[in-house]
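# Examining the three-dimensional arrangement
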Amino acid sequence: MLLFTPGPTPVPEFVRVAMSEPTIHHRTPEFEAIFAKTRTLLKEVIKMPEVLMLASSGTGAMEACVTSLCAKKLLSVNSGKFGERFGKIAKAFGIPNVEIKNTWDTPASLDSVLEALKQNPDIDAFCIQACESAGGLRHSYEILAKAVKEFNPNIMVIVDAITAMGVEELDVSCVDALIGGSQKAFMLPPGLSIIGLSQKAIEKIEERNIGFYFNLKTELKNQVKNTTAWTAPTTIIIGLCAFLEKAKSIGFDTIYKQTKARSLACDKAMESIGLKIYPTVPALSMTCVCDEESDLVRKTLKTKFNVNIAGGQDHLKGKIFRINHMGMIDISEVSWVVNAIELSLAELGRHKFNGIANAVFLENYFKLL
Ligand SMILES: *Cc1c(COP(=O)(O)O)cnc(C)c1O
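Reference entry: report on the structure contained in this document. Residue positions are counted from 1 within each chain, in the order its sequence is given. In keeping with the model being predicted, local features are shown solely for residues with a pLDDT of at least 70 and side-chain atom pairs are shown and tallied solely at 80 or more, while totals for entire chains, interfaces and linings include all residues. For the side-chain quantities, the full set of heavy atoms in the structure was used; hydrogens and water were omitted.

So, on to the pairing of strand β2 (residues 50-54). Burial of β2 is extensive: five of the five residues sit out of reach of the surface. Judged from the five bridges that link them, β2 and strand β10 (residues 193-197) form a sheet pairing that is antiparallel. What sits directly across from Leu-54, in β10, is Ser-193. Three labels apply to residues, based on accessible area from a 1.4 Å probe with only protein chains included: buried if under 20% of the type maximum, exposed if over 50%, partly exposed otherwise in between. Secondary structure elements are taken from DSSP: a helix is a run of H or I of four residues or more, a strand is a run of E of two residues or more, and numbering for both begins at the N terminus. Any two strands with at least two DSSP bridges between them are considered paired.

Attention now goes to the sheet that holds strand β14 (residues 320-324). Ordered in space as β11-β12-β14, the three strands form an open sheet in which the pairing is antiparallel. The outermost strands of the open sheet, each flanked by one partner alone, are β11 (276-277) and β14. Alignment of strand β12 (residues 286-290) against β14, held across five bridges, turns out to be antiparallel. Within β14, the residue paired with Thr-287 across the bridge is Ile-323. We call two residues contacting when some pair of their heavy atoms lies within 4.5 Å. Interaxial angles span 0 to 180 degrees and are taken between N-to-C directions of axes, which are lines fitted to C-alpha atoms, for helices over the stretch in contact. Docked against the sheet, helix α10 (residues 252-272) engages β11, β12 and β14, running at close to 20 degrees with respect to β12.

The next point concerns the packing of helix α9 (residues 234-250) against α10. Two elements in contact, α9 and α10, have axes separated by 6 Å at closest approach and are oriented at 85 degrees. Overall, the two elements α9 and α10 adopt an arrangement that is roughly perpendicular. On the side of α9, the interface is formed by Leu-244, Ala-247, Lys-248 and Ile-250, while α10 contributes Phe-252, Thr-254 and Ile-255. Its residues assigned to classes, the contact of α9 with α10 shows five nonpolar, one polar and one charged. Put simply, angles under 35 degrees are roughly parallel, angles over 145 are roughly antiparallel, angles from 65 to 115 are roughly perpendicular, and the rest are oblique. All amino acids are sorted into three groups, where Ala, Val, Leu, Ile, Met, Phe, Trp, Tyr, Cys and Pro are nonpolar, Asp, Glu, Lys and Arg are charged, and the leftover types, Gly among them, are polar.

The seven strands lie next to each other as β2-β10-β9-β8-β5-β3-β4, forming an open sheet whose pairing is mixed. On the outer flanks of this sheet lie β2 and β4 (97-101), each paired with one strand and no other. Neighbouring strand axes in the sheet, compared pairwise and without regard to direction, differ in orientation by 20 degrees on average. As defined by bridge partners, strand β3 (residues 73-78) adjoins β4 across five bridges and the pair is classed as parallel. Residue pairing in the sheet places Leu-74 in a bridge with Asn-97 of β4.

Moving on, we come to the packing of helix α11 (residues 294-305) against helix α12 (residues 331-347). The interhelical angle for the contact between α11 and α12, taken along N-to-C directions, is 110 degrees, at an axis separation of 9 Å. When the interaxial angle is binned, α11 and α12 end up roughly perpendicular. Between α11 and α12 lies a crossing whose hand is right-handed. When α11 is examined against α12, the residues Val-297, Thr-300, Leu-301, Lys-304 and Phe-305 are found in contact with a partner set consisting of Trp-336, Ala-340, Ile-341, Leu-343, Ser-344, Leu-345 and Glu-347. For the contact of α11 with α12, the residue count by class is eight nonpolar, two polar and two charged. Crossing handedness is defined as follows: a turn of the near helix away from the far one that is anticlockwise and smaller than a right angle gives a left-handed crossing, while the clockwise case is right-handed.

Everything listed is a geometric property; what it means functionally is a separate question.
Next up, the structure:
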């Protein structure tokens, strides 16, 4: 089965091989050397002064960033399920929250952010997704982050880049915490989250010193010494190290370029068979398509063509489907998926198959590369 969901992504063979070695103890010089190498490689990718790795899915890192960096009032953007989650975290911890809410196809506007800041001078943290995966939407987080910092440089900017880290070069000049997760563009099993930190965030974390398992001060103290506060997810970190070494040898610029070409070419291929792209500003990490028969299309893809793509959640259940572009993905596989979608529409009597989707995909892919 071809796994083409925007998380989890498939784990490549070279990563599975690296992770199949016998377990090593986490408090050993052998593991500390791997941890140190992984930290260095991660810092090169995210271009931030410090990085933490936590044994949790991405949501754990979201929670840790909110509790560690927000003391007074949180401004969050809800253009989908993941943006909504920041508000839910604030609520769970009794942190006052102002939410900018949009439909799931619409990014947050600069005006709405500035207005919320003006009305709430006590806001001390701003949370947004780089890519809101619920509708495959790209927020212009860099522009919003810059405006927030111009308004008040002490406001902490937290960016959930779980479906953007490793997908594209990210501007972190106005970001204090950049969140990543193992099961997306780094092609690992779920269970590891990543947080890139600014110098200002480090100071705030030390000053607040909050939480227990997710106490980032405790983690910082340990991780700068290449160890972790609690038992490290050694196997996933070994896999991450292998992935980052391979990605570095290929070059992240090359990976970003290929991901962009796959993504834009796939969008065009879907449009060539009469489908509409759902978000007004699509992210590169996935192609998100409007389709009233999404469940039928996905079922046909699974049973006839061995392809697993994602549907929608909540009110978009059965109304959209999402095709992953994160990771190092063989072009021939995307070609198969695009062709299988056209065949599925033909199977459902909606389209006369003529191979146009794959032709458009390949033509555009090589043009963009
Ligand atoms: C996958 C994802 C998360 C993390 O979800 P977990 O299930 O906790 O790993 C957070 N934000 C976005 C935008 C995501 O795509």
